[in-house]
Amino acid sequence: MRVAHTEKILPCIADPWKLRIIAQLDEEPDLPLIARYLDGKYSEKLGMVVVRSGIVEMNFFQNGQITIRMVDSEEEAISFVNKILAMAYHKAMIAGDL
């Protein structure tokens with residue numbers, strides 16, 4: 001699973017010097033798996049997982065959309081998301097959850 005494309009690039013609400021990126025993944029994410037292996041907060045009712053890494057916050061949605069906040073560039077956001085998704089799925093494979 002990877003970022004397929006960027007939908008919007010906006011100023012971050014919390015810090016106008018940072019960006020908020022709205023992107024689409026190439027497939028629907030396994031939200032419980034992402035929450036478990038990235039230490040995220042999963043809401044089945046809302047169909048989303050919130051993951052924080054340092055100051056960067058990501059919201060993964062059931063439909064494959066993702067928002068990334070507090071990044072400096074679109075490239076940073078895409079690279080970061082792709083790396084942490086690879087890490088989560090790698091951990092899941094090692095644990096036998098895939």
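Presented here is an overview of the structure given in this document. Given the structure is predicted, the values throughout are model-derived calculations rather than measurements.

## Let's talk about the overall build of the chain
And step 1. Secondary structure summary: the chain contains two helices and six strands in total.
And step 2. Taking 2.2 N^0.38 as the reference for a compact globule, 98 residues should give roughly 13 Å; the C-alpha atoms of the chain span a radius of gyration of 13 Å, in line with that estimate.
And step 3. Its C-alpha atoms give the chain principal-axis dimensions of about 40 × 25 × 25 Å.
And step 4. Relative to its 98 residues, the chain shows a buried fraction of 40%.
And step 5. In the chain, of all internal contacts separated by at least 6 residues, the share reaching a separation of at least 24 is 48%.
And step 6. With the model as given, the accessible surface of the chain reaches about 5,800 Å², and the carbon-plus-sulfur share is 54%.

## So, the pairing of strand β2 (residues 19–25)
And step 1. For β2, the buried fraction is high: five of the seven residues fall into the buried class.
And step 2. As judged from the seven bridges shared by strand β1 (residues 3–11) and β2, these two strands associate in the antiparallel manner. Note that in β2 the partner of T6 across the bridge is A23.

## Considering the side chain of K18
And step 1. With respect to the helices and strands, the residue K18 is situated in the loop between β1 and β2.
And step 2. At a separation of 2.8 Å, a polar atom in the side chain of K18 contacts the side chain of D72.
And step 3. Sequence-distant contacts of K18, that is, excluding residues within four places in its chain, are made with L10, P11, C12, I55, M70, V71 and D72.

About the criteria used
Residues numbered from 1 in each chain as written. Predicted model: local features only at pLDDT ≥ 70, side-chain atom pairs only at ≥ 80, totals over all residues. Heavy atoms only, no water. Helix = DSSP H or I, 4+ residues; strand = E, 2+ residues; numbered from the N terminus. Rg over C-alpha atoms; globule rule 2.2 N^0.38 Å. Buried < 20%, exposed > 50% of the residue type's maximum accessible area, 1.4 Å probe, protein only. Contact = heavy atoms within 4.5 Å. Areas by Shrake-Rupley, 256 points an atom, 1.4 Å probe, with all protein chains shown as cover. Pairing = 2+ DSSP bridges. Polar contact = N/O pair within 3.5 Å; in protein donor to acceptor, adjacent residues only side chain to side chain.

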